[in-house]
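# Survey of secondary and tertiary structure
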Amino acid sequence: MRLKSIKLAGFKSFVDPTTVNFPSNMCAVVGPNGCGKSNVIDAVRWVMGESSAKNLRGESMTDVIFNGSVNRQPVGQASIELVFDNHDGGVGGEYASYAEISIRRSVSREGQSEYFLNGTKCRRRDITDIFLGTGLGPRSYAIIEQGMISRLIESKPEELRIFIEEAAGISKYKERRKETESR
Ligand code: ATP
Ligand code: MG
């Protein structure tokens, strides 16, 4: 599974619809301070269901919506779409046969979030479910940010275990068990 492109609209500094393509296995996003590099990473985490505004460097969840600049009025909604190449069946289960997987999230100023999987409206859980055990997800180890290495080194054994279980692909089974037990 490989991230092919990110489509941003009304998200943070990306007010106009913008597509960022990742044409090969190794890509770098470069640019001057404040140009929006970290906003691209925030977008990835947001689509995958991040529900903490603080982890997105904002105070409230609607802070991800473009809030205006000297020349532009604020907009009413933000939307992000991630397109994954899934030729290798990295996203398994019922989606294993899909060559491409698209996930989209939008939010309005009223704070209403909507999620879409390959164009069909779905729940947040449907999105987080398909990435369980792949290393991807709002807080997974696929995204290593500033300060994360030291956080890992300093983390308590039970926190470290969560990372190891995700890497070993156990987390999705634990999640299912929790679900079954709660029924
Ligand atoms: P650095 O190299 O310093 O890490 P960067 O390229 O990572 O910079 P970002 O942090 O991604 O930069 O982008 C910061 C910019 O995004 C700031 O100019 C900020 O005003 C803008 N920004 C963040 N949220 C919003 C928003 N809701 N509406 C409009 N602009 C926003
Ligand atoms: Mg940055």
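Bear in mind that the values here come from a model prediction, so they are computed numbers and not experimental data. (Residues numbered from 1 in each chain as written. Chains lettered and ligands numbered in written order. Predicted model: local features only at pLDDT ≥ 70, side-chain atom pairs only at ≥ 80, totals over all residues.)

## Considering the overall build of the protein
Put simply, the rule is: Secondary structure elements are defined from DSSP: runs of H or I of at least 4 residues count as helices, runs of E of at least 2 residues count as strands, and each element is numbered from the N terminus. Computation of the radius of gyration draws on C-alpha atoms alone. For the globule rule, the value is 2.2 Å times the number of residues to the power 0.38. Here the C-beta atoms are placed from the backbone, and a residue counts as buried if at least 20 other C-beta atoms lie within 10 Å of its own, exposed if 12 or fewer do, and partly exposed otherwise.
What the protein contains, in helices and strands, is five helices and six strands. What you see in the protein, going N to C, is helices and strands ordered as β-β-α-β-β-β-β-α-α-α-α. Scaling as 2.2 N^0.38, a compact globule of 183 residues should have a C-alpha radius of gyration of about 16 Å, and the protein matches this with 17 Å. Structurally, the protein occupies a C-alpha span of about 50 × 40 × 40 Å along its principal axes. Relative to its 183 residues, the protein shows a buried fraction of 23%.

## Quick word on the nonpolar core
Here is the rule we go by: Structurally, a nonpolar core is described as a collection of buried Ala, Val, Leu, Ile, Met, Phe, Trp, Tyr and Cys residues joined by way of C-beta atoms within 7 Å.
Of all hydrophobic cores here, the largest spans 26 residues; its most connected members are Phe11, Ala43, Val47, Val64, Ile80 and Leu82. Of all the elements, strand 3 (residues 77-85) adds the most residues to this core, at five residues.

## Describing the site of ligand 1
Counted only if it meets this: Whether a residue is near a molecule or strand depends on its C-beta atom, generated from backbone atoms, being within 6 Å of that molecule or strand. Put simply, Ala, Val, Leu, Ile, Met, Phe, Trp, Tyr, Cys and Pro go in the nonpolar bin, Asp, Glu, Lys and Arg in the charged bin, and everything else, Gly too, in the polar bin.
Ligand 1 sits among 14 residues. The nearest are Ser13, Asn33, Lys37, Ser38 and Asn39. By residue class, the composition of the shell around ligand 1 is three nonpolar, eight polar and three charged.

## Some details on the sheet that holds strand 1 (residues 2-9)
So the rule is basically this: At least two DSSP bridges between two strands are required for those strands to pair. Simply put, an axis is a line fit to the C-alpha atoms, just over the touching stretch for a helix, and the angle between two N-to-C directions goes from 0 to 180 degrees. Any pair of residues counts as being in contact when their C-beta atoms, constructed from backbone geometry, are within 7 Å of one another.
Strand order in the open sheet formed by six strands is 2-1-3-4-5-6, and the pairing between neighbours is antiparallel. Because the sheet does not close on itself, it has two edges, and the strands there are strand 2 (18-21) and strand 6 (120-122). Averaged over all pairs of adjacent strands, the angle between strand axes in this sheet comes to 20°, irrespective of strand direction. In this sheet, strand 5 (residues 113-117) lies alongside strand 4 (residues 100-108) in antiparallel orientation, the contact comprising five bridges. By the bridge assignment, Val107 is partnered in strand 5 with Ser113. Relative to the sheet, helix 1 (residues 37-47) contacts strand 1, strand 2, strand 3 and strand 4, its axis offset from that of strand 3 by approximately 85°.

## A few points about the environment of Lys7
Along the chain, the position of Lys7 falls in strand 1. Under the C-beta neighbour-count criterion, Lys7 is labelled buried, with 20 such atoms within 10 Å. For Lys7, the residues in contact, after removing those within four places along its chain, are Pro17, Thr19, Ile80 and Glu81.

## Comments concerning unusual backbone geometry
If you check the backbone angles, Lys12 has positive phi at about 45° while not being a glycine. Inspection of the secondary structure puts Lys12 in the loop between strand 1 and strand 2. Under the C-beta neighbour-count criterion, Lys12 is labelled buried, with 23 such atoms within 10 Å.

## Quick notes on the UniProt feature "binding site: ATP" (unreviewed entry) in the protein
Filter applied, for reference: UniProt positions are given in the numbering used here, feature names are shortened, and annotations may be inferred rather than shown by experiment.
UniProt feature "binding site: ATP" (unreviewed entry): in the numbering of this structure it lies at Pro32, Asn33, Gly34, Cys35, Gly36, Lys37, Ser38 and Asn39. Mapped onto the fold, Gly34 is located in the loop between strand 2 and helix 1. The exposure class of Gly34 is exposed, given the 9 C-beta atoms found within 10 Å. In this structure, Cys35 sits in the loop between strand 2 and helix 1. We classify Cys35 as exposed; it has 12 C-beta atoms within 10 Å.

## Overview of helix 2 (residues 124-131)
Rules: Of all possible arcs, the one meant is that of the directions from the helix axis to the C-beta atoms.
Within the sequence span of helix 2, burial applies to Ile127, Ile130 and Phe131. Down the axis of helix 2, the sector holding all buried residues measures 100°, keeping them to one side. Buried positions along helix 2 lie against strand 4, strand 5 and strand 6. Immediately downstream of helix 2, the backbone of Gly133 shows phi near 85°, a positive value.

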